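# Chain and residue survey
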Amino acid sequence: MIVGQKNDAASSAEPWPFAPEPLAAFLAVSGRTLDLDAPAQRFSGGLANLNYRISIDGKPAVLRRAPSGPLPPGAHDMAREHRVLSALSPAFPLAPDSLALCEDPEVLGAPFQILEYRQGRTVRGDDLSVLAPGEDLPGTLCDLLARPLADLHAVDPDACGLGDLGRPEGFVARNAARWSARGAELAEGRAEATLAAEIAVWLNNRLAGWDRAEVSLLHCDVKLDNMILAPDRLTPVGIVDWDMATRGEPLFDLATLLSYWSEPGDPDCLRDLGQMPTALPGFPSRRDMAEAYARASGRSLDGLDDLYVLCLFKLSAIFLQLHARWKSGAIGDDRYARFERLGFDLMTHTWDVARGAAD
């Protein structure tokens, strides 16, 4: 079973983007042969990790590499992703298997792994061109996302060897503290510093005492463009980007998904995220999505609104982090130039939501 990362049609054919000989030598140690006459093709999309389709022993595979340069703590963790996928794929069929891990940055400039490849389609932003005539994505989107998320949260971490993954005790409070500190750091010296401080106080008051006992495996970045759809039907065949997977409060995954979910009446910053097509006419609302998850999982949505504020604030900090890496020269992609304004606009919207001034 082969799992891939992104749309084949959107991948760019080019000569080898890196010297292939070190990769070939690494694979040869485990008896695998890199097909040098099939240069790596980078999959389109994504803002951080680099994903390439390569050929090993005549079959497609995915090379997934962390970005170069200093990285935020806990992000782009190839070793964590390799461990999670190696254990999870037998229990959760939408998780690709990780076939090999290389932590030596001398080979390709950063740690990387080799994943299975699965043929399929990925919907990016509001581009629906990969859909066939008559396919009703608006009508199926909630169930398309809710059922896999509920199934993931039903996996027994102990049974699949992930019972010691992460630190689920105090997960919500720890994330509130972490992102409050990161937001304050990124806003330091700016007019938005007061805003970040106000949100931090709100998060501490609402989430520091979170005492839910339920613990699930979490993906921590569920959204439509991290799902691979079958080539001929609106059915998921894979979920990718597991480098932040952990154990914790299951509603955190749902809140993360909703933070990407824009609606027609939302402010520009949410629509400018460009993560999913949900602001287009006919698509369901965030509330529709939350209720679909509640039905699929049998789980109460109590506390979801507070977690949604946390995840919006986290998202604002992530875009500010990406802009900071671009500004430092660690990233040479000029798409990141606008992320500072986007990040602070998201921070403003987060405070509006927290105060009840916005949905």
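Chains are numbered independently. Their residues run from 1 in the order of the written sequence. Given that this is a predicted model, residues contribute local features only at a pLDDT of at least 70 and side-chain atom pairs are listed and counted only at 80 or more, while totals for whole chains, interfaces and linings are drawn from all residues. Side-chain metrics rest on all non-hydrogen atoms present in the structure, leaving aside hydrogens and water.

### Comments concerning the overall build of the chain
- Only DSSP runs of H or I with at least four residues qualify as helices, and only runs of E with at least two residues qualify as strands; both kinds are numbered from the N terminus onward. Each helix and strand counted, the chain has 11 helices and nine strands in total.
- Computation of the radius of gyration draws on C-alpha atoms, with the globule rule given as 2.2 Å multiplied by the number of residues to the power 0.38. Relative to the 2.2 N^0.38 estimate, which gives 21 Å for 359 residues, the radius of gyration of the chain is 20 Å and therefore close to what a compact globule would have.
- The principal-axis extent of the C-alpha atoms belonging to the chain is close to 60 × 45 × 40 Å.
- By the burial criterion, 54% of the 359 residues in the chain qualify as buried.
- Sequence separation of 24 or more characterises 72% of the internal contacts of the chain that already satisfy a separation of 6 or more.
- Accessible surface area values rest on a Shrake-Rupley calculation with a 1.4 Å probe, where residue burial reflects the displayed protein chains alone. As displayed, the chain has an accessible area near 14900 Å², and 51% of this comes from carbon and sulfur atoms. Only protein chains enter the accessibility calculation, which uses a 1.4 Å probe. A residue is then buried if its area is under 20% of the maximum for its type, exposed if over 50%, and partly exposed in between. The contact rule is simple, with two residues in contact once any of their heavy atoms fall within 4.5 Å.

### Here we look at the packing of helix H6 (residues 193-207) against helix H11 (residues 339-354)
- Axes here mean lines fitted to C-alpha atoms, for a helix over just the part in contact, with angles spanning 0 to 180 degrees between N-to-C directions. It is at 10 Å that the axes of H6 and H11 come closest, and there the two elements cross at 40°. Considering the angle they form, H6 stands oblique to H11. The crossing of H6 and H11 is left-handed. Here Leu195, Ala196, Glu198, Ile199 and Trp202 of H6 come into contact with H11, specifically with Met347, Thr348, Thr350, Trp351 and Ala354. Roughly parallel here means an angle under 35 degrees, roughly antiparallel means over 145, roughly perpendicular means 65 to 115, and every remaining angle is called oblique. Crossing handedness follows the turn of the near helix against the far one: under a right angle anticlockwise gives a left-handed crossing, and clockwise gives a right-handed one.

### Description of helix H4 (residues 137-154)
- In a helix, the anticipated span is given by 1.5 Å times the number of residues less one. End to end, H4 covers 25 Å across 18 residues, agreeing with the expected 26 Å (1.5 Å per residue, within 8%).
- Three or more residues of H4 are buried, namely Leu137, Leu141, Cys142, Leu144, Leu145, Ala146, Pro148, Leu149, Ala150, Leu152 and His153.
- Contacts made by the buried residues of H4 are with helix H2 (78-88), strand E6 (216-218), strand E7 (227-229), strand E8 (236-239), helix H7 (250-259) and helix H9 (286-297).
- Between the side-chain oxygen at the start of H4 and the backbone nitrogen of Gly139 there is a gap of 2.9 Å, and the oxygen is on Asp136. Any pair of N or O atoms that falls within 3.5 Å is considered a polar contact. Within protein, one atom must be able to donate a hydrogen and the other to accept it, and sequence-neighbouring residues count only if both atoms are side-chain atoms.

### Observations concerning the packing of aromatic side chains
- Whether two aromatic rings pair depends on their centres lying within 6.5 Å, for rings of Phe, Tyr and Trp, where Trp uses its six-membered ring; planes under 30 degrees apart make the pair stacked, over 60 edge-to-face, and the rest tilted. Scanning all chains against the criterion turns up eight aromatic pairs.
- Ring geometry for Phe92 versus Trp242: centroids 6.0 Å apart, planes at 75°, classification edge-to-face. Of this pair, Phe92 sits in the loop between H2 and strand E4 (98-102) while Trp242 sits in the loop between E8 and strand E9 (246-248), and the two are 150 residues apart along the sequence. No difference in accessibility class separates Phe92 from Trp242, as the two residues are buried.
- When the centroid spacing of 4.9 Å and the interplanar angle of 90° are considered together, the rings of Phe319 and Phe339 count as edge-to-face. Of the two residues, Phe319 is situated in helix H10 (residues 304-327) and Phe339 in helix H11; the sequence distance between them amounts to 20 residues. Comparing Phe319 with Phe339, the two get one shared label, buried.
- One aromatic cluster is present, built from ring pairs that chain together Trp16, Phe18 and Tyr52.

### Some words on the confidence of the model for the chain
- Per-residue confidence from the predictor is reported as pLDDT, a score between 0 and 100. With 93% of its residues at a pLDDT of 70 or more, the chain has an overall mean of 91.
- Throughout residues 1-13 the model reports pLDDT below 50, and contacts reaching past four residues in sequence, or to other chains, amount to 55 contacts.

### Some points on the packing of H6 against H10
- Look at H6 against H10: their axes get within 10 Å of each other, and the N-to-C directions meet at 145°. Relative to H10, the crossing made by H6 is left-handed. Residues Ala196, Ile199, Trp202, Leu203, Arg206 and Leu207 of H6 form the contact with H10, whose participating residues are Asp306, Leu307, Val309, Leu310 and Phe313.
- Residue polarity is assigned by list, with Asp, Glu, Lys and Arg as charged and Ala, Val, Leu, Ile, Met, Phe, Trp, Tyr, Cys and Pro as nonpolar; anything else, Gly included, falls into the polar class. For the contact of H6 with H10, a count of residues per class yields nine nonpolar, no polar and two charged.

### Side note on the nonpolar core
- Core analysis: the biggest nonpolar cluster contains 93 residues, and Leu88, Phe92, Leu137, Leu203, Trp242, Leu254 and Met289 have the highest contact counts within it.
- The element best represented in this core is H10, accounting for 13 residues.
- Those residues within four positions of Met289 in sequence are excluded, and the remaining contacts are Cys142, Leu145, Ala146, Leu254, Leu257, Leu258 and Trp261. Side-chain atoms within 4.5 Å are what join buried Ala, Val, Leu, Ile, Met, Phe, Trp, Tyr and Cys residues into a set we call a nonpolar core.

### Quick word on the environment of Tyr308
- Along the chain, Tyr308 turns up in helix H10.
- Put simply, Tyr308 and Leu251 are 57 residues apart on the chain and 9.2 Å apart in space, counted from C-alpha to C-alpha.
- Leaving out residues up to four positions away in the same chain, Tyr308 has contacts with Ala255, Leu258, Ser259, Leu270, Arg286, Val353 and Asp359.

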